[in-house]
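# Reading the structure
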Amino acid sequence: MMLNPHDIIIKPIVTEKSMSDMEEGKYTFKVDRRINKSEIKKAIENVFGVKVEKVNTMNMQGKLKRQGAHEGRRPNWKKAIVTLKEDSKRIEFFEGMSN
């Protein structure tokens, strides 16, 4: 299955922890659950033009949500933390937000 790199990377995750990791060259993304680490690496390098050192992935459980008596679950999802090589340029769309 060959997906377009833009389909693999769903969106960046912006939290306090992910913002502080960016100073160490680590970027966090929500990615397609069916994709493996090497495909994530290729997609990030392709989309952002950076050099990836390693990729750590986690399968995240969807949260339990209630509306009155009814209970439901948000979908499960996959998180990827991508570490860039020392000599790689930074990923740009984050840079303006680090105030």
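One structure accompanies this document, and this report is about it. Numbers given for residues are sequential positions, taken from 1 along each chain in its written order. Whole-chain, interface and lining totals are the exception, using all residues; otherwise, since this is a predicted model, local features are given only for residues with pLDDT of at least 70 and side-chain atom pairs are given and counted only at 80 or more. No hydrogens and no water enter the side-chain calculation; it runs on all heavy atoms of the structure.

Here the focus is the overall build of the protein chain. Each helix and strand counted, the protein chain has 3 helices and 6 strands in total. With the C-alpha coordinates aligned to their principal axes, the bounding extent of the protein chain is approximately 55 × 40 × 20 Å. Expressed as a percentage of the 99 residues in the protein chain, the buried residues total 33%. Contacts are assigned to residue pairs that have any heavy atoms within 4.5 Å of one another. The long-range fraction of contacts in the protein chain, counting pairs at least 24 apart against all pairs at least 6 apart in sequence, stands at 61%. Per-residue and other accessible areas were derived by the Shrake-Rupley procedure at a 1.4 Å probe size, with only the shown protein chains allowed to occlude residues. Carbon and sulfur atoms provide 48% of the accessible area of the protein chain, an area that totals close to 6,900 Å². Averaging the locations of the 21 positively and 14 negatively charged side chains of the protein chain gives two centres separated by 8 Å. Strands are runs of DSSP state E lasting at least two residues, helices are runs of H or I lasting at least four, and both sets are numbered from the N terminus onward. Relative accessibility thresholds used throughout: buried, under 20% of the residue-type maximum; exposed, over 50%; partly exposed, between the two (1.4 Å probe, protein chains only). In summary, the charge assignment counts Lys and Arg as positive and Asp and Glu as negative, without counting His or the chain termini. The location of each charge is read from NZ of Lys, CZ of Arg, CG of Asp or CD of Glu.

Within the fold, Arg33 resides in the loop between strand 2 (26-31) and helix 3 (37-48). Ignoring anything within four residues of it in the chain, the contact list for Arg33 reads Asn76, Trp77 and Lys78.

We now examine the nonpolar core. Considering soluble globular proteins, one finds that nonpolar side chains tend to be buried as a cluster. Residues Phe29, Ile40, Ile44 and Val82 are the most contacted members of the largest nonpolar core, which totals 19 residues. Those elements giving two or more residues to this core turn out to be helix 2 (16-22), strand 2, helix 3, strand 3 (52-60) and strand 6 (77-84). No other element matches helix 3, which puts 4 residues into this core. The contacts of Ile44, once residues within four sequence positions are left out, are Ile9, Phe29, Gly49, Val50, Val52 and Val82. What is meant by a nonpolar core is a set of buried Ala, Val, Leu, Ile, Met, Phe, Trp, Tyr and Cys residues, joined one to another through side-chain atoms within 4.5 Å.

With that settled, consider the pattern of salt bridges. A pairing counts as a salt bridge when a side-chain nitrogen of Lys or Arg comes within 4 Å of a carboxyl oxygen of Asp or Glu. Here the structure, examined in full by the defined rule, presents 4 salt bridges. For Asp21, the salt bridge is made with Lys17, and the minimal N-O distance between the two is 3.7 Å. A residue pair is termed a helical-turn pair when its members lie 3 or 4 positions apart in one helix, as Asp21 and Lys17 do in helix 2 at 4 residues. Here Arg66 makes a salt bridge to Glu71, at a shortest N to O gap of 3.8 Å. Judged by its relative accessible area of 53%, Glu71 falls in the exposed class.

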